[in-house]
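Summary of structural features
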Amino acid sequence: MSNRLDKSAYFYCMLGNPKASFGTIAADLHRIRRGALNPFFSQQAVAKFSGHVQAIVDRFVDRIKSCAERGETIPLFYAYRCVTVDIITEYIFGHQFNLLDRADWGRDFYSAWRSLWELSPTIRQFPWMMDAFMAMPRWFTALTNPKALEVVDLFSDVDEQTKILLSSDLKQIESKPYPIVVWGLSKSDLLPASEKTFTRLAVEANGLLAAGFETTGAVLTHTTYHILANPEVHRKLLAELAEAIPDLDHIPGFQQLEQLSYLRAVVKEGLRLAVGAYSRLPRVNPSGDMQYGNWVIPAGVSRSLS
Ligand code: HEM
């Protein structure tokens, strides 16, 4: 299959973010936007950030310990999303949303995303809908569609965070030991000026936040469930980790952890079982027919596999 396929406009308009890489339809524009993101997700870039990931995980472990001491239940669905939101917001804005510190394990924050997922089938039918909600007076949206208001407020928070970051002091940004994605995009040589406007960067930030926290949060939740539901898997995993990490105050880096064969298998199986996207990802060839076996799929018709 050609790698210059467009995304399906009907399918991908569902989050109301056509300027984010996720919602970009035309293959050529998508390549530019996606290419500018790639440097931030190389092994090298991630290695620079891994100490901060560890610090966030340490805060998570401390909170779990104190919950355990008090005999409190830990809602892993939300708890893992606190971890992934704090990680991705630190990476894209250089500033954490600090969900891990919230007593409700970020349930309010998640409720806004849930509202967006719930609105998405309707947005797919009426792609202008999100713009309309954003343009309406707040009181009117509150009265007519409280779920949409949650989404509008969430988008506004991301806009605000982007604004704060872009007006930050250069020295303060450069003192960070890792690249801050949205700042880096605003200075990127890989993007023309038209791709570095405030609106475009804020929408990309929004897409990165959604893409970065929900998928990883879901994988961690599913994987933990399956480990605990399978005592033999649990036992083997703990045995491998106990041997590789004799001192809990010195957790090896991800490059070393990646070498542990059982852990690696568990992570891969978790990724497989959690399913990153619960639907097909349709693509369209706008300019040519495609032969598939005995069938000809005409230009402009979307096709997908799962
Ligand atoms: C287990 C973790 C993850 C899974 C399973 C996953 C899966 C996916 C899938 C299925 C797509 C849609 C691709 C398409 O439409 O063809 C996607 C897009 C995307 N993901 Fe992830 N993702 C994960 C983690 C992340 C993380 C941590 C980030 C960033 C911090 C991220 C950023 C993105 C972005 C920016 C896009 C849109 C880019 C594009 O359209 O090329 N993802 N991801």
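Remember, it's a predicted structure, so these values are computed and weren't measured experimentally. (Residues numbered from 1 in each chain as written. Predicted model: local features only at pLDDT ≥ 70, side-chain atom pairs only at ≥ 80, totals over all residues.)

**Brief notes about the overall build of the protein chain**
We apply this condition: By the criteria applied, helices consist of DSSP H or I runs no shorter than four residues and strands consist of E runs no shorter than two, each listed in order from the N terminus. C-alpha atoms define the radius of gyration, and 2.2 Å times the number of residues to the power 0.38 defines the globule rule. Remark: C-beta atoms are placed from the backbone, and a residue is labelled buried if 20 or more other C-beta atoms sit within 10 Å of its own, exposed if 12 or fewer do, or partly exposed between those counts. We call two residues in contact when their backbone-placed C-beta atoms lie within 7 Å.
Summing up its helical and strand segments, the protein chain has 14 helices and 5 strands in all. Taken over C-alpha atoms, the radius of gyration comes to 21 Å for the protein chain, in line with the 19 Å a tight globule of 306 residues would show. Across its three principal directions, the C-alpha atoms of the protein chain cover 60 × 55 × 40 Å. Looking at the protein chain as a whole, 26% of its 306 residues are labelled buried. Contacts in the protein chain between residues at least 24 apart in sequence constitute 61% of all its contacts with a sequence separation of at least 6.

**Overview of the packing of helix 4 (residues 76–93) against helix 11 (residues 198–229)**
We count it as follows: In this description, a line fitted to the C-alpha atoms serves as the axis of each element, helices being fitted only across the stretch in contact, and the angle between N-to-C directions of two axes falls anywhere from 0 to 180 degrees. Crossing handedness is defined as follows: a turn of the near helix away from the far one that is anticlockwise and smaller than a right angle gives a left-handed crossing, while the clockwise case is right-handed. Each residue gets one of three labels, nonpolar for Ala, Val, Leu, Ile, Met, Phe, Trp, Tyr, Cys and Pro, charged for Asp, Glu, Lys and Arg, and polar for the others, Gly among them.
In contact at an axis separation of 8 Å, helix 4 and helix 11 are set at 145° when each is read in the N-to-C sense. Regarding helix 4 and helix 11, the two cross each other, and that crossing is right-handed. Residues Leu 76, Phe 77, Tyr 80, Arg 81, Thr 84, Val 85, Ile 88, Thr 89 and Ile 92 of helix 4 form the contact with helix 11, whose own contacting residues are Ala 205, Leu 208, Leu 209, Gly 212, Phe 213, Thr 216, Gly 217, Leu 220, Thr 221 and Thr 224. Here the residues of the contact of helix 4 with helix 11 sort into 11 nonpolar, 7 polar and 1 charged.

**A look at the site of the ligand**
Quick note on the threshold: Nearness here has a simple definition: the residue's C-beta atom, placed using the backbone, must lie within 6 Å of the molecule or strand.
Around the ligand, the structure places 16 residues, and the nearest of them are Ala 211, Gly 212, Thr 215, Gly 276 and Ala 277. Counting only elements with at least two residues in the shell around the ligand, the list comes to helix 2 (27–37) and helix 11. A total of 7 residues in the shell around the ligand trace back to one element, the largest contributor, which is helix 11. Here the residues of the shell around the ligand sort into 9 nonpolar, 6 polar and 1 charged.

**Here's the deal with the sheet that holds strand 5 (residues 302–303)**
Spelled out, the test is: Pairing between two strands requires that DSSP report at least two bridges joining them.
The antiparallel open sheet is built from 3 strands, whose spatial order is 1-2-5. Edge strands, defined here as strands with exactly one partner in the open sheet, are strand 1 (6–7) and strand 5.

**Some thoughts on helix 12 (residues 231–244)**
To keep things clear, this is the line we draw: The length a helix should cover is 1.5 Å for every residue beyond the first.
The terminal C-alpha atoms of helix 12, which comprises 14 residues, lie 20 Å apart, in line with the 20 Å expected from a rise of 1.5 Å per residue. In terms of burial, helix 12 is a largely surface element, 0 of the 14 residues being buried.

**A short note on unusual backbone geometry**
A positive phi angle, close to 55°, is found at Asn 98, a residue other than glycine. One non-glycine residue, Trp 105, adopts positive backbone phi at about 50°. Residue position: Trp 105 is located in the loop between helix 4 and helix 5 (107–125).

**Focus on the nonpolar core**
Taken as a class, soluble globular proteins show a tendency for nonpolar side chains to be buried jointly. Going by this rule: Among buried residues, those of type Ala, Val, Leu, Ile, Met, Phe, Trp, Tyr and Cys that are joined through C-beta atoms within 7 Å form a set called a nonpolar core.
Among the nonpolar cores identified, the biggest contains 49 residues, and Ile 88, Ile 92, Val 181, Val 182, Ala 205 and Leu 209 are the most heavily contacted of them. Counting only elements with at least two residues in this core, the list comes to helix 4, helix 5, helix 6 (129–135), helix 8 (146–166), helix 10 (181–187) and helix 11. In terms of residue count, helix 4 provides more of this core than any other element does, 10 residues in total. Setting aside anything within four residues of it in sequence, one finds Val 181 in contact with Phe 40, Tyr 91, Ile 92 and Leu 208.

**What about the packing of helix 8 against helix 11?**
As a packed pair, helix 8 and helix 11 sit with axes 9 Å apart at the nearest point and diverge in direction by 120°. Of the two possible hands of crossing, helix 8 and helix 11 adopt the one that is right-handed. Here helix 8 contributes Phe 155, Val 158, Asp 159, Thr 162 and Leu 166 to the contact with helix 11, which in turn contributes Phe 198, Leu 201, Ala 202, Ala 205, Asn 206 and Leu 209. Taken together, the residues that form the contact of helix 8 with helix 11 break down as 8 nonpolar, 2 polar and 1 charged.

**Describing the environment of His 30**
Among the structural elements, His 30 can be located in helix 2. Given 18 C-beta atoms within 10 Å, His 30 falls into the partly exposed group. Sequence-wise, His 30 and Asp 6 are 24 residues apart; in three dimensions their C-alpha atoms are separated by 8.5 Å. Setting aside anything within four residues of it in sequence, one finds His 30 in contact with Ser 21 and Thr 24.

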